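Here is how the chains run, residue by residue.
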Amino acid sequence: MPELNDTHDPKRKSFVAAANEAGNDFPIQNLPLGVFSIGGSSPHGGVAIGDQILDIAAALKAGLFGGAARDAAEAASGAILNPLLSQNSAHWSALRARVSELLAEDGPKDDVAKCLVAMTDAEMHLPTQIGDYTDFYASINHATNAGTLFRPDNPLLPSYKHIPIAYHGRASSIQPSGEAIIRPNGQTKAPDADAPSFGPCKRLDYEMELAFYGGPGNALGTPISLEDTESHIFGLCLLNDWSARDIQAWEYQPLGPFLGKNFASTISPWIVTLEALAPYRTRSFKRPDGDPAPLPYLASDNDEKWGGLDIQMQVAITSAKMRADGQAPYVCGQAPFKDMYWTIFQMLAHHTSGGCDLRPGDLMGTGTVSGTKPGSYGSLLEISRGGQEPFDLPSGESRTFLEDGDEVIMSSHCEGGGYARLGFGDCRGIVLPARG
Ligand code: CA
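For the structure given in this document, a descriptive report is provided here. If you're wondering where the values come from, they're calculated on a predicted model, not measured in any experiment. Per chain, the residues get numbers from 1 upward, laid out in the order the sequence is written. Per-residue local features of the predicted model are confined to residues with pLDDT of at least 70, and side-chain atom pairs are confined, for both listing and counting, to 80 or more; whole-chain, interface and lining totals are unaffected and use all residues. With hydrogens and water excluded, all non-hydrogen atoms of the structure serve as input to the side-chain values.

1. Describing the pairing of strand 6 (residues 133-136)
Then, number 1: Burial along strand 6 is two-sided: the residues Y133 and D135 and T134 and F136 are all buried.
Then, number 2: Pairing between strands is defined by DSSP: at least two bridges between the two strands are required. A run of DSSP states H or I qualifies as a helix once it reaches four residues; a run of E qualifies as a strand once it reaches two. Both are numbered from the N-terminal end. Summarising the sheet, strand 6 and strand 22 (residues 363-365) pair through 3 bridges and their orientation is parallel. Along strand 22, the bridge assignment pairs Y133 with L363.
Then, number 3: Sheet analysis places strand 6 next to strand 7 (residues 166-168), joined by 3 bridges and oriented antiparallel. What sits directly across from T134, in strand 7, is H168. For every residue, the accessible area (1.4 Å probe, protein chains only) is compared with the maximum for its type, and the residue is labelled buried under 20%, exposed over 50%, or partly exposed between those bounds.

2. Quick look at the coordination of the calcium ion
Geometrically, a metal with four donors at the corners of a regular tetrahedron has ideal angles of 109.5 degrees, and one with six donors at the corners of a regular octahedron has ideal angles of 90 or 180 degrees.
Then, number 1: Coordination partners: N, O, S within 2.8 Å of the metal, 3.2 Å for Na, K and Ca; water not considered, so apparent gaps in a site are possible. Only D135 (OD), E207 (OE), E209 (OE) and D241 (OD) from the protein coordinate the calcium ion, and they sit 2.2 to 2.3 Å from it.
Then, number 2: Counting the intervening residues between successive donors of the calcium ion yields the motif D-x71-E-x1-E-x31-D. In this pair, D135 is assigned in strand 6 and E207 in the loop between strand 12 (204-205) and strand 13 (208-214), connecting sequence segments 72 residues apart. Just as D135 is buried, E207 falls in that class too.

3. Digging into the environment of W250
Then, number 1: Here W250 lies in helix 7 (residues 245-251).
Then, number 2: Taking the C-alpha atoms as reference, W250 lies 19 Å from P152; in sequence the two are 98 residues apart.
Then, number 3: Not counting residues within four places of it along the chain, the set of residues in contact with W250 comprises Q187, T188, K189 and P196. The contact criterion used throughout is that any non-hydrogen atoms of two residues lie within 4.5 Å.

4. A closer look at the pattern of salt bridges
It is possible for side chains of opposite charge to pair when their charged atoms get near one another.
Then, number 1: We define a salt bridge as a side-chain nitrogen of Lys or Arg found within 4 Å of a carboxyl oxygen belonging to Asp or Glu. Applying the stated criterion across every chain, the model contains 17 salt bridges.
Then, number 2: For K261, the salt bridge is made with E207, and the minimal N-O distance between the two is 2.9 Å. With K261 in the loop between helix 7 and strand 16 (265-267) and E207 in the loop between strand 12 and strand 13, this residue pair connects regions lying 54 residues apart in the sequence. Taken individually, K261 and E207 each receive the classification buried, so the pair is uniform in this respect.
Then, number 3: For D325, the salt bridge goes to K321, with nearest N and O atoms at 3.1 Å.

5. Examining the side chain of R399
Then, number 1: Residue placement: R399 occurs in strand 24 (residues 398-399).
Then, number 2: Look at R399 and you get buried, because its relative accessible area is 6%.
Then, number 3: Among the polar contacts listed, one links the side chain of R399 to the side chain of D406, at a separation of 2.7 Å.
Then, number 4: Residues in contact with R399, not counting those within four places in the same chain, are S319, P390, F391, L393 and D406. Think of a polar contact as two N or O atoms within 3.5 Å of one another; within protein, one of them needs to be a possible hydrogen donor and the other a possible acceptor, and neighboring residues in sequence only count if both atoms come from side chains.

6. Looking at the sheet that holds strand 3 (residues 52-55)
Then, number 1: Taken together, the 5 strands give an open sheet; going across it, the order is 4-3-2-1-5, and neighbouring strands pair in antiparallel fashion. Here the strands that pair on one side only, and so sit at the sheet edges, are strand 4 (116-118) and strand 5 (122-125). Ignoring strand direction, the axes of neighbouring strands in this sheet form an average angle of 50°.
Then, number 2: Where strand 3 meets strand 4, 3 bridges bridge the pair, whose relative direction is antiparallel. Along strand 4, the bridge assignment pairs L54 with L116. Every axis in this analysis is a line fitted to C-alpha atoms, fitted for helices over the stretch in contact. Angles between the N-to-C directions lie between 0 and 180 degrees.

7. Topic: the nonpolar core
Then, number 1: Counting residues in hydrophobic clusters, the biggest one holds 64 residues, and the most contacted among them are Y206 and I344.
Then, number 2: Element by element, the count of residues in this core is highest for helix 10 (residues 344-352), at 5 residues.
Then, number 3: The contacts of I344, once residues within four sequence positions are left out, are F212, I233, L236, L274, L309, F337 and T366.
Then, number 4: With 43 residues, the next largest nonpolar core counts L116, Y167, C237 and L363 among its residues. Only buried residues count toward a nonpolar core. Its members are Ala, Val, Leu, Ile, Met, Phe, Trp, Tyr and Cys residues joined through side-chain atoms within 4.5 Å.

So this is what it looks like as structure tokens:
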């Protein structure tokens, strides 16, 4: 098991009362990093604690950091966290250990309290400058559910169990939780139409995913071995890979996703570090008998024993009517991340195996996380069986895909084993009508 330390101690409490409340996403054992601003101030780094944010620049100015923790805090106090992500895990751990001391109930609370700001007063920004974005397809359940709609007799293509399948996505349209999504226009062709046409997407979907941030990069031409991937991943967030199914269906062969995916992706703003998740590392998905073993560059004892992450994923939606009537979000899907066919470490090892260079702050989506049964699907494509089976919202409205005014809300958490419950915060976005 990855090493645990005092920062994981479930008995440790914070002087920030909300951090100690059951069900809060940000207890003192979490300490995710993000970039925030207050009232038009310039964005800079912070750490989430309960309902507050520790302003790293302010804490630095107050002289609360020393040694490697100070180097890391300096790297985390600007408008993007790439400088921090380019440091190594010794720096990241030193920062985490010191922040945990500062926020503990027996810490220097009088000095630290001056460096806290209320989350409700803060605007969250993208935490890194995302140079490159890749999206994998690592849930065999999702690949099977989606593949069955198009190829009932042959849902999985021959490479699936040998390669962590992915495509290179678009970094420029990634936005933080809370920003609205404009329904894309695009070229589509209905199966019974004679010719394609251009207009608003009619089959707008979400995809419930995790994503991980690259840490220190590798030189071009020098792969990162599976054993070394651990030190090249900084942390994770939630990702909604908004998808225009009708645009996607018409364009995707032979080169894969393009405009059906590049109009928007939403991420949760807090990066939950790999170190924070150490208590929730678990064995990787156990391949059924008869499945091929991964090739040696994608296989290790350590990855098999500890490559999985025990994270519960959830996606919910509200319509404009539901919000107006004060109805709670309708939970459309819940699925465990630990059932992914490929681990995030295998994804990164594969990504660099041909020599492609990772850079600090790069983002890699895992692909839609789905289970095998209704209630566990991570996309509307699966829930409505490609639009054939509408479902009802509590308001009585019917859905196959998203309507204008719908809000998609993703959330995730880890709990169990006697460790503190950790959450990822929200990843949300409202769909606005197409323009033009
Ligand atoms: Ca995806």
